[in-house]
Structure formats: structure tokens, C-alpha cells
Amino acid sequence: MAVLNILHFPDPKLRRVAEPVEVVDDAMRELIDNMFETMYDAPGIGLAAPQVGVNKRLMVIDVSEESDQPLAFINPEVITAEGKKSYDEGCLSVPGFYEKVTRPDVIRVRALDRNGEQFEMDADDLLAVCVQHEIDHLDGKLFVDYISNLKRQRIKRTLEKEEKARLKQTASA
Ligand code: QAP
Ligand code: CO
């Protein structure tokens, strides 16, 4: 297993629409395991394949207190959505920033599991937020797209500066 490198906003790779997964094979299961390891290491509660540079419709989530309820979703789709709720969202690709985002409150999601079997799941509260946030990643969308241009630009400039500083460090090490 391995901890993968997480891309940060405004990396253009985060803006691609990801491709559906055609077959769920051992290589896919290894990627899923590595994504869980990367998410738990961060630590985070959700991670989508585009965040680790893989342009596939795949995401992992664990919103449990004990980090013992891993959920993998392949080719996920929201099939019903009701209500509205705001939640303070963050993102492993936008480290250090949290903003209120309004989304449907209760959803039903359909996906394939790590064995390629289709399942459906009802989600509310944090899980519903997280599923929708991660599906957005598969469509090249980030939570910062829901906030003002001014706030998004500020976040972009700060993260670009941090990335430059990291590159300098890496070059001199
Ligand atoms: C998406 O986000 C999410 O800024 C998952 O410095 C977030 O795991 C769904 C994280 C909130 C619903 C509500 C963020 C870690 C983790 C940071 C995450 C950071 C370190 C974010
Ligand atoms: Co995210």
C-alpha cells in the first residue's frame, strides 16, 4: 500500500471530467486501497481519484468517528435529492480553507462497490455532503466554485504561493 500525492487547487488536472470505470479488477482494488491509505494518512473523510491524478470515476469516503467505515464508490450517481442544507466544507486539494456550501440534504446514491456489484445507499448529514462533494470532483468541480470570485481568487493566490515555496524547497534539498 502507498500514500499517494494529492494535487492542490488550481492544478488543471482537478478540472477534467473523469472517465467511467469499465472493469473493476485487481489494479482498481489496489488503487482503492491506496486512496484509503492516502485519505486516512491526511487525515480526511473523502478523496476522489482526480485528486491523486487519476482521471477515473472513483471515490472513497469514511465519515465515521473511529475511521472504521470505509466506503468505495465506482461510477457513482445521485438518483434522488431532497431538501437543502449548508455545511462548512473543506477539501484535501484546498488545504487550510473552509467555506459554507449549500447542497441537497438527503440523497440516494447508486454506484459499484470494490467487487463491481451495484448498490444503492441513502445518505444524510455529513455523508450526503461528502458524497456530493466527491462526485463534484469527478466532474472537475471544487467546493470553491460555490463561493465568491473574490474569495476563490484569494485562496488560489495563497495556494499558488505555497506551491512555489514547496518547489523551491524541493529544488534546494
Ligand atoms: C470533503 O474533505 C468534505 O483543509 C472531504 O488542511 C469536507 O477530507 C466533505 C482536510 C467537509 C464534507 C465536509 C482539509 C484536511 C480534509 C484541510 C476532507 C486540511 C486537512 C478535508
Ligand atoms: Co475535495
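Preceding this section is the structure that the text describes.
So, a few notes on the structure that sits alongside this text. What you see as residue numbers is a count from 1 along each chain, following the sequence as written. Going through the entries in the order they are written, you letter the chains from A and number the ligands from 1. Where totals are concerned, whole chains, interfaces and linings use all residues; where local detail is concerned, this predicted model gives features only for residues with pLDDT of at least 70, and gives and counts side-chain atom pairs only at 80 or more. Hydrogens and water are ignored here; the side-chain numbers use all heavy atoms of the structure.

1. Thoughts on the overall build of the chain
Right, so step 1: Summing up its helical and strand segments, the chain has three helices and seven strands in all.
Right, so step 2: For the radius of gyration, the atom set is restricted to C-alpha positions; the globular benchmark scales as 2.2 Å times the number of residues to the power 0.38. For 173 residues, the compact-globule estimate of 2.2 N^0.38 gives 16 Å, and the chain sits close to it at 16 Å.
Right, so step 3: Projected onto its principal axes, the C-alpha positions of the chain cover 50 × 40 × 30 Å.
Right, so step 4: Only protein chains enter the area calculation, which uses a 1.4 Å probe; residues under 20% of their type maximum are buried, those over 50% are exposed, and those in between are partly exposed. Sorting the 173 residues of the chain into buried and exposed places 38% on the buried side. Helix and strand assignments follow DSSP, with helices taken as H or I runs no shorter than four residues and strands as E runs no shorter than two, numbered in order from the N terminus.

2. Side note on the site of ligand 1
Right, so step 1: Near ligand 1 you find 19 residues, and of these G44, I45, G90, G96 and Y98 are the closest.
Right, so step 2: A distance of 2.8 Å is found between an oxygen atom of ligand 1 and a backbone nitrogen or oxygen belonging to G96.
Right, so step 3: Using the Shrake-Rupley algorithm and a 1.4 Å probe, accessible areas are obtained, with residue cover drawn only from the displayed protein chains. When the free accessible area of ligand 1 is taken as 500 Å², the share hidden by the protein chains comes to 83%.
Right, so step 4: Broken down by secondary-structure element, the contributors of at least two residues to the shell around ligand 1 are β4 (85–89) and α2 (125–138).
Right, so step 5: Looking at the shell around ligand 1 element by element, the count peaks at five residues for α2.
Right, so step 6: All amino acids are sorted into three groups, where Ala, Val, Leu, Ile, Met, Phe, Trp, Tyr, Cys and Pro are nonpolar, Asp, Glu, Lys and Arg are charged, and the leftover types, Gly among them, are polar. Residues that form the shell around ligand 1 fall into these classes: twelve nonpolar, five polar and two charged. Here a residue counts as near a molecule or strand whenever at least one of its heavy atoms sits within 4 Å of it. Nitrogen and oxygen atoms within 3.5 Å of one another constitute a polar contact, given that in protein one can donate a hydrogen and the other can accept it, and given that sequence-neighbouring residues count only through two side-chain atoms.

3. Some points on the pairing of strand β3 (residues 71–82)
Right, so step 1: The rule for pairing is simple: two strands pair if DSSP sees at least two bridges between them. Strand direction decides the pairing type here: strand β2 (residues 58–61) and β3, joined by four bridges, are antiparallel. In the sheet register, M59 faces β3, and the bridge partner there is F73.
Right, so step 2: Of the pairings in the sheet, the one linking β3 to strand β6 (residues 106–112) comprises six bridges and is antiparallel in character. Counterpart to V78 in the pairing with β6 is V109.

4. Structural notes on the coordination of the cobalt ion (ligand 2)
Right, so step 1: Taken together, the protein ligands of the cobalt ion (ligand 2) are C91 (SG), H133 (NE2) and H137 (NE2), with distances of 2.1 to 2.2 Å.
Right, so step 2: Metal donors were taken as nitrogen, oxygen and sulfur atoms no farther than 2.8 Å from the ion, or 3.2 Å where the ion is Na, K or Ca. Water is excluded, so coordination may look unfinished. In the primary sequence, the donor residues of the cobalt ion (ligand 2) line up as C-x41-H-x3-H. One end of the pair, H133, and the other, H137, are both in helix α2, four residues apart, so they sit about a helical turn from each other.

5. Comments concerning the sheet that holds β3
Right, so step 1: In spatial order, the strands read β1-β2-β3-β6-β7; together these five strands make up an open sheet with antiparallel pairing. Strands with a single pairing partner mark the edges of an open sheet, and in this sheet they are β1 (46–48) and β7 (118–123). Neighbour-to-neighbour, the strand axes of this sheet turn through a mean angle of 35 degrees, independent of strand direction.
Right, so step 2: Against the sheet, helix α1 (residues 26–41) touches β1, β2 and β3, its axis set at about 40 degrees to β2.
Right, so step 3: We call two residues in contact whenever any of their non-hydrogen atoms come within 4.5 Å of each other. Lines fitted to C-alpha atoms define the axes, with helix axes restricted to the stretch in contact, and inter-axis angles between N-to-C directions lie between 0 and 180 degrees. Taken strand by strand, α2 contacts β1, β2, β3, β6 and β7, and its axis lies near 155 degrees from that of β2.

6. Some thoughts on the side chain of S93
Right, so step 1: Mapped onto the secondary structure, S93 falls in the loop between β4 and β5 (99–103).
Right, so step 2: Leaving out residues up to four positions away in the same chain, S93 has contacts with I6, L7, H8, F9, L14, Q51 and L159.

7. With respect to the pattern of salt bridges
Right, so step 1: Salt bridges are identified by distance alone: a Lys or Arg side-chain nitrogen within 4 Å of an Asp or Glu carboxyl oxygen. Applying the stated criterion across every chain, the model contains 13 salt bridges.
Right, so step 2: With a closest N to O distance of 3.2 Å, D125 and K85 form a salt bridge. Remark: K85 occurs in strand β4 and D125 occurs in helix α2; sequence separation between them is 40 residues.
Right, so step 3: The network of salt bridges with shared partners includes R108, R110, E120 and D122.

8. Some points on helix α3 (residues 149–172)
Turn by turn, an α-helix covers 3.6 residues, leaving residues three or four places apart pointing in a common direction.
Right, so step 1: One less than the residue count of a helix, multiplied by 1.5 Å, gives the span that helix is expected to have. Between its terminal C-alpha atoms α3 stretches 35 Å, which fits the 34 Å expected from 24 residues at 1.5 Å a residue.
Right, so step 2: All of the buried residues along α3 are R152, I155 and L159.

9. Details of α2
Right, so step 1: Here α2 spans 21 Å end to end across 14 residues, near enough to the 20 Å set by a 1.5 Å rise per residue.
Right, so step 2: In terms of burial, α2 is largely enclosed, as twelve of its 14 residues are buried.
Right, so step 3: Just beyond α2, the residue with positive phi is G140, at close to 75 degrees.

So, to be careful, I would describe these as geometric facts and stop short of saying anything about function.
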